[in-house]
Amino acid sequence: MNKPKSVTSLQLTFSIGTSIIGVGILAFPRITISLADTGAPMTAVFAVLCAMLGGLVLVHLGLAYQDETLFEYADHLVGRILGGVFLFAIGVYFLELSALATREFGEVVVTSVLQRTPIPVTVLVIVLLVVVASRNDVAKFTRILTFYMPIVYFPALVIVALSLKNAKVANLMPLLATFHDVPFQNTVLSTGIVTALFQNFMIAGIVIPFMYQPQRAKKSVLVGIGLGGALYVLLIYSALSVFGTEEMKNLLWPTLELAKTAAMPTFFLERLDPIFLAVWVTAVFCAIYAAYYLSIQAFSHVLRFQDHRALCFMGMPLVFTLARLPSNIVDLYTVTKMWGLIGLTLTFGYPLLLFLIHLVKSRHVAAKKRPRRVGTTS
Amino acid sequence: MRRWSDKSKQKIRHSVRENQQYLNPVFANLSDVVQRKISISGTMECLAVYLDGLVNVQLLDNVIIKSLLNTKTTGRKSVKDRVLDACRAAGKTITTTDRPVAVDAVLDAKLVLFVDGLNEAFIVEMKAWASRSIEEPASETVIRGPREGFVETLRTNTSILRRKLKSRDFKMERIVIGQLSKTEVVLCYIEGIVNPDVLREVRERVSRIQIDAVVSSHYIEEFIEDSPYSPYPQVQNTERPDVVVAAVTEGKVAILMDGDPFALIVPMTFWSGFQAAEDYYERFLYASAIRWLRFILLNMSIFLTPLYVALTTYEPQMLPTNLILSFAAAREPSPFPTVVEAFLMEFVFEGLREAGVRLPKAVGSAVSIVGALVLGQAAVDAGLVDAPIVIMVALGGIASFATPRYNFGISYRLLRFPVLFLAGVFGLLGIAFAFLAILIHQVNLRSFGTPYMTPVAPIVLPSIQDAMARIPRWGLNKRPILTAGRNRTRVPAGQKPGPRK
Amino acid sequence: MKAVWWLALTMTFTFPLLTGCWDRLEIEDRGTILGLAVDPVLGEHISNLSGPAAKSDARGYKLTAQVAIPGRIPLGPGEGGTGSPSEKPVWVVSATGKTIQDAMNGLQQQLADKVFLGHLRVILVNQQLANTVGIVDIQDFLRRNAEIRRLAWLVVSKGAADKAMEAAPKLERVPTLYLVGTLDHAVQMGKMPNLFLGNYWSVYSAKGQEPLLPYVSVRDGDVIRIEGLAAFRGGHMVGALDPLETASYMEMTDQRRAGYGIAYPMPGDPEHSVILRGTNRRSRTRVHHDGQRLSVDVYSRIEVNIEEKTGTRPVDTAIPQIADEASQAAAQGQLELVKKTQGWKADIFGIGEYVRGRDPELWKTISTREKWEEIYATLPFRTHVKVYIRRSGMSAR
């Protein structure tokens, strides 16, 4: 496969930054705070660090095999059969991830905006958009994600800024609850849940070989995850400071409530939450898009397709069916939580495994070459 | 094309009579072909063949015939050389021995001269035809700046361009397309600045065109676009030589053709869609502000009516209570749902606009009066539609007129209807969907290898500022990366005026 | 061209699918409810639409709603004549039910258009209801409905709440908007903290603080008056703060914007007084824990302007004395407020939240709302107030 160099490092940064902001931002403050109390923002910070570590592993591998995607060098490292099995798992995982995100999107829409519109219709529209967009190559994929970055970040920042009026510092206290009364396993669980929201950073694995300057990928990935992470941390801090821990446990989607609390003084719009939701659609689209794209790319690699386009439409009914599976909203969140945590082993464990094999192999090669005194670099 | 079976028949004979016998059937029923027999001092028989009205006859009389008369018949010079000298005095001259070539030359508005005793024809270029004078282009007016515009004559246009760019790097490549029209098309670019890949692509796409006749530059545009199904124009057109010059100095390629005052410029980006020539002739702060204004108006032109529909029928909680109560009060007598009303009014608005454009100016103003007063006011008074929707549609319509490029504006105007439909079905969310879909399409579009949204997507750091604002000339040191080739420096740095300089 | 045909084909199949317009509802088809009053049902029959299982702590609720009638709202000077002054632009409807939603269903029965709560700006609750059964059930109904604004006002009314729905103030055509304006302006003028519905929820959920709500009364059918604040504990109203106590409360809780004019005796001239109007306030709360007991220090500083003086004594020489006296009086007022709330066992200052935040180890030993209420009831407070007189208006003396 020839890979035209068409992605700048800035694009990779923004793409990662956009793709990790998804449906999750609405509910995650509640889920983490019910686990870790006021230590929750801290666990979000930990999660960012974890995701960055995962990202570093990917970048390191990407730099070692600069012209190959994650899927291709995985084949070299663990063999085609084992690589295929893992890849299939990744494909299924991200497909279900996008299906769950789609369903969550549908639930939010049906609860708060379009109460009588059937969920399948709204879901169909967003899935259709995703499917059509995923027919593009990697260059366009990153370009779309990059382009949406300000649209995703700006409104969130505005909401945060406007809600600060109602913030109470006392609600944030104690800042370091993690080290006081929160059980350790809750902290770990909460960190895991937030980290699971960052899993779309995996797109770095397929984007790096298309970069003009792959050596800059490390900075891009770190900054990208950092940007997305910063937004998560900012959102959870502002939601916490406005609502407090106890109220937060009552709110199904605290971030949406945050938007409801935000009012622009002397502005002709009285409520900003529908606007926030409308813009949030962009974030949801980007996240689903990234997950779906990854999954389609993985499948087309497993099945040795020349072009991933053929698969795009085939994935659509699958996503649709998978999205219908959870029976109610409680069920949906349980499944999402479990699936995210299970996936961590795949999205973090698999690159780590590849990394270890890579280390062993390159040692082996270096050891073999040493007697011949051939200088090897990288 | 006519095929000559016998090769020798295609050769020009020594005798003018024989040649004329050949030409007569060829030019039968071509009433505009003039065959003029001229006898010079009784010694030399000539036949001048040309198209009436396309050749400068005065030159023929005053220069060619006069100089033939004045030169002595005897002398060292051969007859051919004498005729050649006389013809060269009138214009660029070539000779041919082929009859078909001579025939084609006549049809290409050249003077063809047959001389008795020579088996050659002289083809003299002395085109002269009635042409519109250079005027200010009606489609792109400026308050300050050059007022000349292209005309239908290609060579006039190239001469205007050459006057502005006196460099041998400024190339004008000639390509002829159209089996019947044989239209001359010229590719203008500056060597060293133009991106060679783009140039190669343009050259290939233009010469690939197979068509009977090219009447307008849009014929070419349709053949060379990247995405023919897209509503967006991917080729910029202009009537202004200064715009063409500015474009070629940025590394773009301009396509001029004979018979149409509109030049095509490729590659086009989204942002050039709402940049007017005026931007570059006004103070940059003002021009930047205007650019933002246009961008906002452009978005208003497609999103305003849908937003009104979405807000009133789906999210009335967003508007202030007082406002929503007055909207409700205004809507009380109206029999139709808001969406239907919006569609209706948009439809009427488009109709009025179209009627206004096509009708003669005097009648056009009547249409607008009827539209504005009779339809708008009376419909509201009669309770057929409500006042707010009329206001929204009118505002959106005015906003769509603020786009300086007409073809760009109409593509947006068309998008208003699907957006309105989605807004009617999903409310605000539908607008978000529409917005997403539009942006996906825009980001995917390419114009001759350049992404349509450059330099915003993909982000091209030094160029992005020129899309966001009109950068003062001393600050715009580099040419855009994606369009320009090797030579990137445009304005040497450090020319910002200041008291110490 | 094949692509176009495909597109056309998909369009023809998907468009009818999309034209449901499921949620489309024209504004004039919405029964826009602007204000809602909740009263207890006393003697009359309670209609019950949601089935016999509907039960709540109250015997029943009577909802009185102010529904906008768009046709009667004057659009502008040109159409001022459409509604005669006697015709109100709102329609007052009421219904009863066993629970709030039950009553809401009853209300819907009476309205042709679908009830729309997106513009609900004020929910008035009868004090009697707030005192006895509390507002737990009411706020649950509000919380669950996605249309309700978090920034709406939940207000306790002294006496029957439905009277406020029928009040016809002279300044505004729509009565509810007048009430909203009254509350909003009180916040802007610094006469009342910004206690909107969302704030009530957050504080109500917190374990170490008790919520307050605005407290209004309707007089003579037309005048709506802010009486102060209603204090709650566990969802029940336990008492009310009068305007002066509201001022003290705002002084103690670091509400910067001050707006109360309070009279103090002129030093050395007890027959006359000065009125000081606050402009700016700052306060800090410190909780001390000496191993066994907690104690609270509240430090506040108030900047004031002299607004009026009676008598002939010039103020310019008396400014320090006035400031001293005002400081003492304010500190005394704060202490009295604390005493009052301790009597209610309602920690409206959020001292408990402070303890939870700053001393999580100590909070672990408390951890429940009930325990904190007991501690709060006997918590020693010290108030330290410093009043700074900055300006004396256009008069030099």
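As the structure is a prediction and not an experimental result, all values here were calculated from the model. (Residues numbered from 1 in each chain as written. Chains lettered and ligands numbered in written order. Predicted model: local features only at pLDDT ≥ 70, side-chain atom pairs only at ≥ 80, totals over all residues. Heavy atoms only, no water.)

### A look at the overall build of chain B
Here is the rule: Runs of E in the DSSP output that reach at least two residues are strands. Runs of H or I that reach at least four are helices, and both are numbered from the N terminus. In this setup the radius of gyration rests on C-alpha atoms only. A globule is expected at 2.2 Å times the number of residues raised to 0.38. Buried, partly exposed and exposed residues are distinguished by accessible area as a fraction of the type maximum, computed with a 1.4 Å probe on protein chains only: under 20%, between the cut-offs, and over 50%, respectively. For this analysis, residues touch if any pair of their heavy atoms sits within 4.5 Å. In short, Shrake-Rupley with a 1.4 Å probe defines the accessible areas, and a residue's cover is counted only from the protein chains shown. Positive charges come from Lys and Arg, negative ones from Asp and Glu, while His and the chain ends are left out of the count. Where a charge lies is defined by one atom per residue type: Lys uses NZ, Arg uses CZ, Asp uses CG and Glu uses CD.
The secondary structure content of chain B amounts to 16 helices and twelve strands. Over its C-alpha trace chain B gives a radius of gyration of 30 Å, far above what one expects of a compact globule, namely 23 Å for 501 residues. For the C-alpha atoms alone, the extent of chain B along its principal axes is close to 105 × 65 × 45 Å. Expressed as a percentage of its 501 residues, the buried residues of chain B come to 52%. A fraction of 65% describes how many contacts in chain B between residues 6 or more apart in sequence connect residues 24 or more apart. Within the structure as shown, chain B displays about 23100 Å² of accessible surface, and the carbon and sulfur contribution to it stands at 59%. Between the mean site of the 59 positive side-chain charges and the mean site of the 48 negative ones, chain B shows a separation of 9 Å.

### Things to note about the overall build of chain A
Scanning chain A for helices and strands turns up 15 helices and zero strands. Over its C-alpha trace chain A gives a radius of gyration of 21 Å, about what one expects of a compact globule, namely 21 Å for 378 residues. Each of the three principal axes of chain A carries a C-alpha extent, and together these read 75 × 45 × 40 Å. Here chain A holds 378 residues, and the buried ones make up 61% of them. Considering only contacts within chain A whose residues lie at least 6 apart along the sequence, 86% involve residues at least 24 apart. With the model as given, the accessible surface of chain A reaches about 14400 Å², and the carbon-plus-sulfur share is 68%.

### Re helix 4 (residues 70-78) of chain A
All names here are of chain A. For helix 4, the tally of buried residues reaches eight of nine residues, placing the bulk of the element in the interior. Buried residues of helix 4: Leu70, Phe71, Glu72, Tyr73, Ala74, Asp75, Leu77 and Val78, and no others. Phi turns positive one or two residues past the end of helix 4, at Gly79, with a value near 90°.

### Regarding the side chain of Ser230 of chain B
Residue and element names in this part refer to chain B. Stated precisely, the cut-off is as follows: Definition of a polar contact: a pair of N or O atoms within 3.5 Å, with one able to donate and the other able to accept a hydrogen when the atoms are protein atoms, and with sequence-neighbouring residues admitted only if both atoms are side-chain atoms.
Mapped onto the elements, Ser230 comes out in the loop between helix 7 (217-224) and strand 8 (236-238). On the basis of relative accessibility, which here comes to 11%, the residue Ser230 falls in the buried class. A polar contact of 3.0 Å, which involves the side chain of Ser230, links it to the backbone nitrogen of Tyr232. In this view, Ser230 contacts His441 and Leu445; residues no more than four positions away in its chain are not counted.

### Here's the deal with the packing of aromatic side chains
Here the distance between the centres and the angle between the planes together describe a pair of aromatic rings. Residue and element names in this part refer to chain A. Rules: Whether two aromatic rings pair depends on their centres lying within 6.5 Å, for rings of Phe, Tyr and Trp, where Trp uses its six-membered ring; planes under 30 degrees apart make the pair stacked, over 60 edge-to-face, and the rest tilted.
The final tally for this structure, using the stated rule, is 38 aromatic pairs over all chains. Here Phe141 and Tyr289 contribute two aromatic rings whose centre-to-centre distance is 5.1 Å and whose plane-to-plane angle is 70°, an arrangement assigned as edge-to-face. Residue Phe141 is located in helix 7 (residues 138-163), and its partner Tyr289 is located in helix 13 (residues 273-302); the two are separated by 148 residues in the primary sequence. Looking at Phe141, the relative accessible area reads 0%, which means it is buried.

### Observations regarding helix 9 (residues 184-197) of chain A
Test applied: In a helix, the anticipated span is given by 1.5 Å times the number of residues less one.
The first and last C-alpha atoms of helix 9 of chain A sit 20 Å apart over 14 residues, in line with the 20 Å expected at 1.5 Å per residue. For helix 9 of chain A, every residue scored as buried is listed here: Asn186, Thr187, Ser190, Thr191, Gly192, Ile193, Val194, Thr195 and Ala196 of chain A.

### What to know about the interface of chain B and chain A
Often, the extent of an interface is quoted as the loss of accessible area upon association of its parts. The line we're drawing: A quick way to say it: buried area is the sum, across both parts, of accessible area lost when two parts are put together, with a 1.4 Å probe. For salt bridges, the criterion is a side-chain nitrogen of Lys or Arg within 4 Å of an Asp or Glu carboxyl oxygen. Any residue outside Ala, Val, Leu, Ile, Met, Phe, Trp, Tyr, Cys, Pro, Asp, Glu, Lys and Arg is labelled polar, Gly included; the first ten of those are nonpolar and the last four are charged.
If you look at the interface, chain B gives 28 residues, while chain A gives 33 residues. Its largest share of buried area at the contact with chain A, chain B owes to Met318, Leu429 and Leu436 of chain B, together 22% of the area lost on that side. At the surface where chain B touches chain A, the tally comes to zero salt bridges. Here chain B is connected to chain A by five residue pairs in polar contact (both at pLDDT 80 or more). Sort the elements by how many residues they give to the side of chain B that touches chain A and helix 15 (residues 428-444) of chain B lands first, with eleven residues. Per-class residue counts for the side of chain B that touches chain A are 23 nonpolar, three polar and two charged.

### Examining the confidence of the model for chain A
Inclusion rule: What pLDDT reports is the predictor's confidence in each residue, on a scale of 0 through 100.
For chain A, the average pLDDT comes to 84, and 93% of its residues sit at 70 or higher. Note that pLDDT drops below 50 for residues 372-378 of chain A; the model gives that stretch two contacts with residues more than four away or on any other chain.

### Side note on the interface of chain C and chain B
Tallying the contact residues gives 29 residues for chain C and 26 residues for chain B. Buried area between chain C and chain B, summed over both chains or domains, comes out near 2300 Å², and the portion from carbon and sulfur atoms is 68%. Considering only the surface of chain C that becomes buried against chain B, Ile27, Glu28 and His119 of chain C emerge as the three largest contributors, covering 25% of it. Where chain C packs against chain B, one counts one salt bridge.

### Concerning the environment of Gln188 of chain C
Residue and element names in this part refer to chain C. If you trace the backbone, Gln188 turns up in helix 6 (residues 175-188). By relative accessible area, Gln188 is classed as exposed at 53%. Separated by 69 residues in sequence, Gln188 and Arg257 place their C-alpha atoms 7.8 Å apart.

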